[in-house]
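Structural overview
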Amino acid sequence: MASPQKTKGKSYENAKANFLTEIFSEKFIRVPTSGAFLGGKNYDRRFDMTQGQVMAFKGDIIPPDDWKFFNCECKFYKDFKFHLLFNESKVLDSWIEETLSTANENDLNLIFMKFNNIGEYIAFQSKEKFRVTKHLKYKKGWYFTSHESFWNDFNVNRIRERCKGIDIEN
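Residues numbered from 1 in each chain as written. Predicted model: local features only at pLDDT ≥ 70, side-chain atom pairs only at ≥ 80, totals over all residues. Heavy atoms only, no water.

Ranked by internal contacts, the top residues of the largest apolar core, which has 24 residues, are Phe70, Leu110, Phe112, Phe150, Trp151 and Ile159. Looking at this core, the elements with two or more residues in it are α1 (4-24), β3 (70-77), β4 (108-115), β5 (119-125) and α5 (153-163). The contacts of Phe70, once residues within four sequence positions are left out, are Leu20, Phe28, Lys58, Ile61, Pro63, Asp107, Leu108, Leu110 and Cys163. By size, the runner-up hydrophobic cluster in this structure holds 14 residues, among which are Phe80, Leu85, Tyr121 and Trp142. (Core = buried A, V, L, I, M, F, W, Y, C linked by side-chain atoms within 4.5 Å. Buried < 20%, exposed > 50% of the residue type's maximum accessible area, 1.4 Å probe, protein only. Helix = DSSP H or I, 4+ residues; strand = E, 2+ residues; numbered from the N terminus. Contact = heavy atoms within 4.5 Å.)

Set out below in structure tokens:
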């Protein structure tokens, strides 16, 4: 039987896949064996796999087939120490490292986060130039923002075009 934490994580991954399916009107699904199949010391596995196989095991969400540059992690935790964002959050640092360890060179990397009785947040790289009303600039070129601030028409279009490899202007 799966631990309560694993069940909680899987349900959040499924919820985010369903959310993305609704927002983009294209099918997203949870990676069935979510859990570092291609990350960290397993990075070299990708060299013996097809592009489709790599996409199916990268991150926590499998995007539609034509989304070649999408990579995301989903984290659902009891709590988060927000005050550490002003200095150094080892937890967020580990999530960034995990996300980047499975990423291909030109991927758009996102971290979806949910905390009990607090809310949902997104971390993204500043190079993506998303438009958000409120954010905190974190180290290593990452921004941290609320779920509500992130999801707007500009960002939805930018994500779609960026992940499909369509060049768009800032």
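Its place among the elements puts Thr102 in helix α3 (residues 90-102). For Thr102, a relative accessible area of 4% puts it in the buried group. At a separation of 3.3 Å, a polar atom in the side chain of Thr102 contacts the side chain of Asn71. (Polar contact = N/O pair within 3.5 Å; in protein donor to acceptor, adjacent residues only side chain to side chain.)

Turning our eyes to something else, we now look at α3. Given a rise of 1.5 Å per residue, 13 residues ought to cover 18 Å, and the 19 Å separating the end C-alpha atoms of α3 matches this to within 8%. Inspection of α3 places Leu92, Asp93, Trp95, Ile96, Thr99 and Thr102 among the buried residues, and these make up the whole buried set. The secondary structure elements touched by the buried residues of α3 are β3, β4, β6 (136-138) and β7 (142-146). (Expected span 1.5 Å × (residues − 1).)

A few words now on the pattern of salt bridges. Pairs may arise between side chains of opposite charge once their charged atoms sit close together. Counted by the stated rule, this structure contains 9 salt bridges. The partner of Lys139 in a salt bridge is Asp93, and the shortest N-O contact between them spans 3.0 Å. Note that Lys139 is positioned in the loop between β6 and β7 and Asp93 in helix α3, a separation of 46 residues in sequence. Under the relative-accessibility criterion, Lys139 is labelled partly exposed at 28%. With a relative accessible area of 10%, Asp93 lands in the buried category. Through salt bridges with shared partners, a single ionic network connects Glu26, Asp66 and Lys164. (Salt bridge = Lys/Arg side-chain N within 4 Å of Asp/Glu carboxyl O.)

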